[in-house]
Amino acid sequence: MSKTDSEGRFGLKRMMAMTGALAGPAIISNVTVPLLGLSDTFITGHLGAERFIAAIAVGTMMVNALYWLCGFLRMGTSGLTAEAFGMGDADRRRRILTVSLLLAVGLGVVMILLSPLLGNLMIMLMQPPAATSQLAKEYFLISVLGAPAILSTMALSGWMVGSQNTVYPMAVAITVNIINIAVSFSLVFWLKMGFLGVAYGTLIANWIGFILSLIFSKRLIEGRLLSRLKGITEGLEIGRFFKVNGNLFVRSACLMSVSFALTSFTGQLGDTALAVNAILMQFFMFFSYFMDGFAFGGEALCGRFAGAGDSYALRMSVKALSVWSLVVTLVFTAIYLLFTPEIAALLTDVATVKSGVASLQWVACLIPIISVAAFMFDGVYIGLTDTSRMMIATMIGAVAFFALHYLLPAPASDSEITSAGELWICFLSFLFLRGAVLGLSLKGAIIKRMDKSK
């Protein structure tokens, strides 16, 4: 395609429409995620003891910690597939998916084999009460049997996004959540399986989600879905495949360490600070549901045009993503500026927690402004498959988070809330540096990527 043709087909309005079309289903998928957590809490909350609610929270955290570390299966597959899509290379897309699924299944099997050891290790690190520990471990050991399915679904989801389709992943996410809720409710209350019925419901839903993902993925490519194993790495640059995913793994580990540390440091301040932190984290998550959706659109389009060697369309996709990010940031900042106390009141009726959130309203208002660049550029760099810069930016941010935590002087006030505010300064600095480093190196990253396409 000539530059003139590209400019005619991919103007800013057209690119914004394409980005929005990809982002919409992804946002809906993200919004369905907390519904499952609410459902599990509702079910366990009606089993007659607090330990069941605590156990589902701990057990879910244990399982999610493993899957979070494997987030590269979705992101890496998405970027590489979008690149192959832009090249018009269907065989390359097949090989990428096949290698990704083999890696997902292998990691899932390893998780199952090591699950008793992993379960004991995470229980030791979190140190919940004895009754909660036993239930949480039982939940973990059952749920982890779905690891090959859920890791494969992550890879398939990334492959579908890279193939310019976010509707199918949305359909899978919604279906899995509905099945999970329905099956868990039936097993717990109708078949009288008690607490473990929730774990089996999750397990069944995850395997159904994997099957659905395979069915939908097959509709996005002509001929066979998977490549033959013979010659599977041909033209795939297998070293690059593992480098891309290895960088994303280190990045995920840094993200996890900061998130866990924020919760741990806040917990040391007291129950009120921990509760306020949990509410403020919901403000962060609300914003992330929308920005992640636009980041998905960004990674699909940036990867597509980078693969096609279309520098004009690539720059237009970055510009369109920037405009959407600005709009979302302004909307959320206005909402948090005007309604933070009211939103907190919907999430809790504890007076001290509501008061603490109100006094830290400045944190809620800064969350969209400070974190938007990190979300936006993640989408761009995944599309460019430049994951080494993502890893470096996250490492710099993580170092700054811990350095600020230990170097900042203690607040003059002994208030838990004042100390919690200082921790949020550290966390916001982490987010800001991630976005700033990626933003400053974007021009070089695009030039480097386009040179490879020549």
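Note that this is a predicted model, so its numbers are computed, not measured.

Undergrad: Help me out: how do you make sense of the overall build of the protein chain in this one?
TA: In terms of regular secondary structure, the protein chain is built from 17 helices and 0 strands. For the protein chain, whose C-alpha radius of gyration is 22 Å, the value lies close to the compact-globule estimate of 22 Å for 454 residues. Projected onto its principal axes, the C-alpha coordinates of the protein chain cover approximately 65 × 50 × 35 Å. Here the protein chain, with 454 residues, has 52% of them falling under the buried criterion. In the protein chain, of all internal contacts separated by at least 6 residues, the share reaching a separation of at least 24 is 85%. Accessible area for the protein chain stands at about 19500 Å²; split by element, carbon and sulfur atoms hold 69% of it. Taking the 31 positively charged and 23 negatively charged side chains of the protein chain as two groups, their mean positions are separated by 11 Å.

Undergrad: Hey, could you run me through the packing of helix α14 (residues 361-384) against helix α16 (residues 416-440) in this one?
TA: Helix-helix packing is characterised by the crossing angle of the two axes and by the distance between the axes. Their axes nearest at 8 Å, the elements α14 and α16 cross at an angle of 30°. Taken together, the axes of α14 and α16 lie roughly parallel to each other. Note on packing geometry: the crossing formed by α14 with α16 is left-handed. In this structure, α14 contributes Trp362, Val363, Leu366, Ile367, Ile370, Ser371, Ala373, Ala374, Phe377, Asp378 and Tyr381 to the contact, and α16 contributes Gly421, Trp424, Ile425, Leu428, Leu431, Phe432, Arg434, Gly435, Leu438 and Gly439. Each residue belonging to the contact of α14 with α16 can be placed in one class, and the counts come to 15 nonpolar, 4 polar and 2 charged.

Undergrad: Help me understand the pattern of salt bridges in this model?
TA: When the charged atoms of two side chains lie near each other, side chains of opposite charge can form a pair. With the rule as written, the count across this model stands at 8 salt bridges. Residue Asp91 is joined to Arg94 by a salt bridge in which the shortest nitrogen-to-oxygen separation is 2.7 Å. With Asp91 and Arg94 both in helix α5 (residues 90-126) and 3 residues apart, this pair spans about one turn of that helix. Between Asp386 and Arg389 there is a salt bridge; the shortest N-O distance is 2.6 Å. Of the residues examined, Asp386 reaches a relative accessible area of 9% and is grouped as buried. Residues joined by salt bridges that share partners form a network here, namely Glu83, Arg92, Arg240 and Arg449.

Undergrad: When you look at the environment of Asn180 in this model, what are you seeing that I'm missing?
TA: Here Asn180 is to be found in helix α8 (residues 167-190). Judged by relative accessible area, Asn180 falls into the buried class, the value being 2%. For Asn180 and Ala65, which are 115 residues apart along the polypeptide, the C-alpha to C-alpha distance reads 19 Å. In this structure the side chain of Asn180 is engaged in a polar contact, spanning 3.4 Å, whose partner is the backbone nitrogen of Thr202.

Undergrad: I'm lost on the nonpolar core in this one. Help?
TA: Nonpolar side chains in soluble globular proteins tend to end up buried together. Met15, Phe401 and Phe427 are the most contacted members of the largest nonpolar core, which has 110 residues in total. The element best represented in this core is helix α11 (residues 271-308), accounting for 15 residues. In contact with Met15, not counting residues within four places along its chain, are Phe10, Leu301, Phe305, Ala313, Met316, Ser317 and Ala320. In this structure, Leu97, Val176, Phe216 and Leu225 belong to the second largest nonpolar core, which totals 16 residues.

Undergrad: Could you clarify how one ought to interpret the side chain of Thr153 in this entry?
TA: Residue placement: Thr153 occurs in helix α7 (residues 147-162). Apart from the residues lying within four places of it in its own chain, the contact partners of Thr153 are Val172, Asn206, Gly209, Phe210 and Ser213.

Undergrad: What's the story with the side chain of Thr202 in this structure? I'm lost.
TA: Within the element layout of this structure, Thr202 appears in helix α9 (residues 196-218). Thr202 sits in the buried class, given a relative accessible area of 11%. Apart from residues no more than four positions distant in its own chain, Thr202 is found in contact with Tyr139, Ser143, Asn180 and Ser184.

Undergrad: Would you take a moment to explain a nonpolar patch on the surface for this structure?
TA: On the surface, a cluster of nonpolar side chains totalling about 780 Å² of accessible area is made up of Phe42, Phe185, Trp190, Leu191, Met193, Tyr200, Ile204 and Ile208. The element best represented in the nonpolar patch is α9, accounting for 3 residues.

Undergrad: Can you help me understand the packing of helix α6 (residues 130-143) against α9 in this one?
TA: Packing of α6 against α9 leaves a shortest axis separation of 8 Å and a crossing angle of 20°. Considering the angle they form, α6 stands roughly parallel to α9. With respect to the hand of their crossing, α6 and α9 are arranged in right-handed fashion. Residues Glu138, Tyr139, Ile142 and Ser143 of α6 lie in contact with α9, whose contacting residues are Leu196, Val198, Ala199, Tyr200, Thr202 and Leu203. Of the residues assigned to the contact of α6 with α9, the class counts are 7 nonpolar, 2 polar and 1 charged.

Undergrad: Got a minute to help me understand the packing of aromatic side chains in this structure?
TA: Counted under the stated rule, the structure contains 21 aromatic pairs. Each ring, one from Phe401 and one from Phe402, has its centre 5.1 Å from the other, and the planes form 85°; the classification is edge-to-face. With relative accessibility at 0%, the residue Phe401 sits in the buried group. The exposure class of Phe402 is partly exposed, given its relative accessible area of 27%. Each residue in the set Phe283, Phe284, Phe287, Phe290, Phe332, Tyr336, Phe375, Trp424, Phe427 and Phe430 is aromatic and connected to the rest through ring pairs, giving one cluster. Across from the ring centre of Phe296, 4.1 Å away, lies the NZ or CZ of Arg74, which sits over that ring.

Undergrad: Hey, could you run me through unusual backbone geometry in this one?
TA: Negative phi is the rule for most residues except glycine; trans is the rule for most peptide bonds. In this model, Lys192 sits at a positive phi of 60°, which is unusual for a non-glycine residue. By secondary structure assignment, the location of Lys192 is in the loop between α8 and α9. Despite not being glycine, Thr385 shows a phi value in the positive range, around 55°. If you trace the backbone, Thr385 turns up in the loop between α14 and α15 (387-407). Thr385 gets classed as buried once you look at its relative accessible area, which sits at 10%.

Cut-offs used in this document
- Residues numbered from 1 in each chain as written.
- Predicted model: local features only at pLDDT ≥ 70, side-chain atom pairs only at ≥ 80, totals over all residues.
- Heavy atoms only, no water.
- Helix = DSSP H or I, 4+ residues; strand = E, 2+ residues; numbered from the N terminus.
- Rg over C-alpha atoms; globule rule 2.2 N^0.38 Å.
- Buried < 20%, exposed > 50% of the residue type's maximum accessible area, 1.4 Å probe, protein only.
- Contact = heavy atoms within 4.5 Å.
- Areas by Shrake-Rupley, 256 points an atom, 1.4 Å probe, with all protein chains shown as cover.
- Lys, Arg positive; Asp, Glu negative; His and termini not counted.
- Charge placed at Lys NZ, Arg CZ, Asp CG, Glu CD.
- Axes fitted to C-alpha atoms, helices over the stretch in contact; angles between N-to-C directions.
- Parallel < 35°, antiparallel > 145°, perpendicular 65-115°, else oblique.
- Left-handed = near helix turned anticlockwise from the far one by under 90°.
- Nonpolar A, V, L, I, M, F, W, Y, C, P; charged D, E, K, R; others polar.
- Salt bridge = Lys/Arg side-chain N within 4 Å of Asp/Glu carboxyl O.
- Polar contact = N/O pair within 3.5 Å; in protein donor to acceptor, adjacent residues only side chain to side chain.
- Core = buried A, V, L, I, M, F, W, Y, C linked by side-chain atoms within 4.5 Å.
- Patch = residues over 30% accessible without salt bridge, like charges linked within 9 Å, V, L, I, M, F, W, Y side chains within 5 Å.
- Phe/Tyr/Trp six-rings, centres within 6.5 Å; stacked < 30°, edge-to-face > 60°.
- Lys NZ or Arg CZ within 6 Å of the ring centre and 35° of its normal.

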